[in-house]
Amino acid sequence: MTDTYNTPPEGSPHTGRTQARDFILQATDIKKSFGGVHALKGASMTMRRGEITALIGDNGAGKSTMVRCLSGIHRPDSGTIVLDGKTVTFENPVAAIKQGIETVQQNLALVEDLTVWQNFFLGREKTHGFGPFRTLDRKLMKSTAGDLLKNLAVNVPPVTSRVRRLSGGQRQAVAIARAAGWGSKIVIMDEPTAALGVQETARVEGVINSLRDSGVAVLLISHNFDQVMRLSDHVWVMRAGMAVAERRTAETSGDELVALITGARAA
Ligand SMILES: Nc1ncnc2c1ncn2[C@@H]1O[C@H](COP(=O)(O)OP(=O)(O)OP(=O)(O)O)[C@@H](O)[C@H]1O
Ligand SMILES: [Mg+2]
């Protein structure tokens, strides 16, 4: 396996080993600088359909910058993003969401004083009627939010409870269920369990697994090697603005990943 990619990544159509259609996402040669800081120096990575892809690397390696390019927060300086076979550019986060990429941000954007169902539909309220007669369809929104949570087997209080009464794990589950509920192709999660205890982490990991089982491709940014080994199907390693290695999770170990992250092992 070649691990450093100046050319298209392993599994691209050029290698003949994996078909392009196996990929839900192909990011190629992405560059992004902030003034003199070259956060991404031509990074290439892929995500396969129906898989959990982990993105790991040391602090400052460029993971969040990559995620922000994929979710429309940043515009890359150059490079291409192919989503589900089509080259895409995102003017803003709403454009990324419309094309099927949902992101669960590290600092959750749930509104404490609203209920669970209101958080689900924030900015996407369902209405019936038209013009001045348009009213919010609360009943529909409540039942839809309840169904989405149930589908992900999340044990949370009724959708009418306020978010401020939920635990950290329950909030994270609501945020993931919300991201999963819109027919998205990809859900990106930046450190989804960093702030959680053992039991809550287990619960959120269950939610991430159900999401994958429902056919959504997940990009998981995590500093927790055990979690990466437990959950992911493939791992991409970033170092100093480049994606330097890809491994099948089943064919690597925590030790090898640490060595790839630090550069102790040549990729
Ligand atoms: N908006 C910005 N302005 C200036 N520099 C930035 C900006 N965002 C990121 N950087 C720099 O780009 C580099 C990559 O940062 P990034 O946040 O992508 O790293 P990371 O891999 O997510 O790290 P961590 O594991 O600490 O979250 C760092 O040197 C960082 O200081
Ligand atoms: Mg980061």
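Structure's up top.
Residues numbered from 1 in each chain as written. Chains lettered and ligands numbered in written order. Predicted model: local features only at pLDDT ≥ 70, side-chain atom pairs only at ≥ 80, totals over all residues. Heavy atoms only, no water.

Asker: Teacher, can you tell me more about the sheet that holds strand E1 (residues 23–34) here?
Answerer: Spatially, the four strands line up as an open sheet ordered E2-E1-E4-E5, and their pairing is antiparallel. Bordering the open sheet on either side are strand E2 (37–48) and strand E5 (86–88), each of which pairs with just one other strand. With direction set aside, neighbouring strand axes in the sheet form an average angle of 25 degrees. Across five bridges, E1 lies against strand E4 (residues 78–83) in antiparallel orientation. Considered in E4, the bridge of Ala27 is made with Ile81. Sitting on the sheet, helix H1 (residues 63–70) touches E1, E2 and E4, and the angle it makes with E1 is about 115 degrees. (Pairing = 2+ DSSP bridges. Helix = DSSP H or I, 4+ residues; strand = E, 2+ residues; numbered from the N terminus. Axes fitted to C-alpha atoms, helices over the stretch in contact; angles between N-to-C directions. Contact = heavy atoms within 4.5 Å.)

Asker: Would you explain the site of ligand 1 in this entry?
Answerer: All residues adjacent to ligand 1 are Phe34, Val37, Ala39, Asp58, Asn59, Gly60, Ala61, Gly62, Lys63, Ser64, Thr65 and His223. Gly60 places a polar main-chain atom, nitrogen or oxygen, 2.8 Å from an oxygen atom of ligand 1. The separation between an oxygen atom of ligand 1 and a polar side-chain atom of Thr65 is 2.6 Å. Contact with the protein chains hides 61% of the accessible area of ligand 1, taken as 630 Å² for the molecule alone. Elements with a contribution of two residues or more to the shell around ligand 1: E2 and H1. A breakdown of the residues in the shell around ligand 1 according to their chemical character gives four nonpolar, six polar and two charged. (Near = heavy atom within 4 Å. Polar contact = N/O pair within 3.5 Å; in protein donor to acceptor, adjacent residues only side chain to side chain. Areas by Shrake-Rupley, 256 points an atom, 1.4 Å probe, with all protein chains shown as cover. Nonpolar A, V, L, I, M, F, W, Y, C, P; charged D, E, K, R; others polar.)

Asker: Just checking my understanding: could you explain the pattern of salt bridges for this structure?
Answerer: If the charged atoms of two oppositely charged side chains come close together, the side chains can form a pair. Summed over the entire model, instances satisfying the criterion amount to 13 salt bridges. The salt bridge involving Asp84 is made with Arg49; its shortest N-O contact spans 2.8 Å. Of this pair, Asp84 sits in the loop between E4 and E5 while Arg49 is found in the loop between E2 and strand E3 (52–57), placing the two residues 35 residues apart along the sequence. Taking relative accessible area as the criterion, Asp84 reaches 31% and is therefore assigned partly exposed. Its relative accessible area of 39% is what places Arg49 among the partly exposed residues. Residue Asp84 is joined to Lys185 by a salt bridge in which the shortest nitrogen-to-oxygen separation is 3.3 Å. Here the residue Asp84 occupies a position in the loop between E4 and E5, and Lys185 occupies one in the loop between helix H5 (168–180) and strand E9 (186–190), the gap between them amounting to 101 residues. A residue is classified by how much of its surface remains accessible, and Lys185, at 32% relative accessible area, is partly exposed. By sharing partners, the salt bridges in this structure join Glu112, Asp113, Arg164 and Arg171 into a single network. (Salt bridge = Lys/Arg side-chain N within 4 Å of Asp/Glu carboxyl O. Buried < 20%, exposed > 50% of the residue type's maximum accessible area, 1.4 Å probe, protein only.)

Asker: Please clarify how the sheet that holds strand E11 (residues 234–239) should be interpreted in this entry.
Answerer: Strands belonging to one sheet form pairs held by backbone hydrogen bonds; the direction of such a pair is parallel or antiparallel. In spatial order, the strands read E6-E9-E10-E3-E11-E12; together these six strands make up an open sheet with mixed pairing. On the outer flanks of this sheet lie strand E6 (101–104) and strand E12 (242–248), each paired with one strand and no other. Averaged over all pairs of adjacent strands, the angle between their axes in this sheet comes to 20 degrees, without regard to strand direction. Examined bridge by bridge, E11 and E12 share six bridges and lie antiparallel to one another. Each residue of the ladder has a partner; that of Trp236, found in E12, is Glu246. Strand contacts of H5: E6 and E9, with the helix running at about 175 degrees to E6, the strand carrying the most contacts.

Asker: Quick question: what am I supposed to make of the side chain of Thr252 here?
Answerer: Positionally, Thr252 belongs in the loop between E12 and helix H8 (254–262). Among the residues examined, Thr252 registers a relative accessible area of 13% and is labelled buried. For Thr252, the side chain forms a polar contact with the side chain of Glu256, separated by 2.4 Å. Setting aside anything within four residues of it in sequence, one finds Thr252 in contact with Met229, Arg247 and Leu257.

Asker: I keep staring at the pairing of E11 and nothing clicks. Help me out?
Answerer: Moving residue by residue along a regular strand, the side chains alternate between the two faces of the sheet. Among the six residues of E11, five are classified as buried, and the element is accordingly described as predominantly covered. The turn linking E11 back onto E12 is made up of two residues, and Ala240 within it adopts a positive phi angle of 50 degrees.

Asker: Would you mind showing me how to read unusual backbone geometry here?
Answerer: Across residues other than glycine, the phi torsion is negative in most instances, and most of the peptide bonds are trans. Of note in the backbone geometry, Asp29 takes a positive phi value of approximately 55 degrees without being a glycine. With respect to the helices, strands and loops of the structure, Asp29 is situated in strand E1. Even without a glycine there, the phi angle at Asp84 is positive, about 50 degrees.

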